[in-house]
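# What the coordinates show
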Amino acid sequence: DAGITQSPRHKVTETGTPVTLRCHQTENHRYMYWYRQDPGHGLRLIHYSYGVKDTDKGEVSDGYSVSRSKTEDFLLTLESATSSQTSVYFCATSVGGELFFGEGSRLTVL
Amino acid sequence: GESVGLHLPTLSVQEGDNSIINCAYSNSASDYFIWYKQESGKGPQFIIDIRSNMDKRQGQRVTVLLNKTVKHLSLQIAATQPGDSAVYFCAVPGYTGNQFYFGTGTSLTVIP
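Here the structure is a predicted model, which is why all the values come from computation and not from measurement. (Residues numbered from 1 in each chain as written. Chains lettered and ligands numbered in written order. Predicted model: local features only at pLDDT ≥ 70, side-chain atom pairs only at ≥ 80, totals over all residues. Heavy atoms only, no water.)

Attention now goes to the nonpolar core. By size, the foremost hydrophobic cluster in this structure holds 23 residues, and its most contacted members are F33, W35, L73, L75, Y88 and L108 of chain B. Going through the elements one at a time, strand 2 (10-14), strand 3 (19-25), strand 4 (32-38), strand 5 (45-51), strand 7 (62-67), strand 8 (72-77), strand 9 (86-93) and strand 11 (106-111) of chain B are the ones with two or more residues in this core. In this view, L108 of chain B contacts L11, V13, S19, I77, T80, D84, S85, A86 and Y88 of chain B; residues no more than four positions away in its chain are not counted. Residues Y31 and F101 of chain A together with Y36 and A91 of chain B belong to the second largest nonpolar core, which totals 18 residues. (Core = buried A, V, L, I, M, F, W, Y, C linked by side-chain atoms within 4.5 Å. Buried < 20%, exposed > 50% of the residue type's maximum accessible area, 1.4 Å probe, protein only. Helix = DSSP H or I, 4+ residues; strand = E, 2+ residues; numbered from the N terminus. Contact = heavy atoms within 4.5 Å.)

Moving on, we get to the sheet that holds strand 8 (residues 73-78) of chain A. Residue and element names in this part refer to chain A. Reading across the sheet, the 4 strands line up as 1-3-8-7 and stay open at both edges, with antiparallel pairing between neighbours. Edge positions in the sheet fall to strand 1 (4-7) and strand 7 (65-70), since each of these pairs with one other strand and no more. Each neighbouring strand pair of the sheet contributes to a mean axis angle of 20°, computed without reference to strand direction. In the sheet, strand 1 pairs with strand 3 (residues 19-25) via 4 bridges, with the strands oriented antiparallel. Across the sheet, T5 pairs through a bridge with H24, a residue of strand 3. (Pairing = 2+ DSSP bridges. Axes fitted to C-alpha atoms, helices over the stretch in contact; angles between N-to-C directions.)

Tracing the backbone shows S7 of chain A in strand 1. Along the backbone, S7 of chain A and K53 of chain A are 46 residues apart, and their C-alpha atoms lie at a distance of 21 Å.

On the side of chain A, 22 residues touch chain B, which itself brings 18 residues to the contact. Carbon and sulfur atoms make up 55% of the surface buried where chain B meets chain A, a total of about 1600 Å² over both sides. Three residues stand out in chain B for area buried against chain A, namely N98, F100 and F102 of chain B, and they jointly supply 32% of the buried area on that side. At the junction of chain B with chain A, the criterion picks out 0 salt bridges. Secondary-structure elements contributing two or more residues to the side of chain B that touches chain A are strand 4 and strand 10 (100-102) of chain B. Looking at which element gives the most residues to the side of chain B that touches chain A, the answer is strand 4 of chain B, with 4 residues. (Buried area = accessible area lost by both parts, 1.4 Å probe. Salt bridge = Lys/Arg side-chain N within 4 Å of Asp/Glu carboxyl O.)

Laid out in structure tokens, this is it:
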């Protein structure tokens, strides 16, 4: 257990609405990540953070923004959700080259 | 970015048999490889890793083999058990070493 909590775990929203997913860690890991998981695509990196206020884009960053104001929290925001953003979102932290994942947040955009 | 692929999307094995899950990668400069297991409804969990200065690494009932010549790695599970049923991913770091790229996963089903 790497002490990663994602919230909400499930959310249904409508196209065009803003959505924020929260990731909270208790291990004081420097690196944090947001991935999305879709059938046939595996896990794809959206954004990652290498410290407070330090973030960078991943493979599929369009339509997403992130913020990290504290070491323990990493927020993923969909400014205007689209149906293509229906997915399961995983937060992860890393230390020593190993990733630790949260339990996932299932987002459905209608 | 990196390209990581898995050879088979699904694999079914009889309980007690050995399982082999394969993965190919594109970047010959990759020097670290990781296998993850994801059970239904959960996040992926680390299984075993290997560095490029090794050809083989063994864990508890799992062995990872690395063939740098053909850019291929495999995960072998000995005496597969029902609890091994899951999706298995290989992953490699990106050029910064702090990003991780995953294959599409192989879903392993163990038949009792």
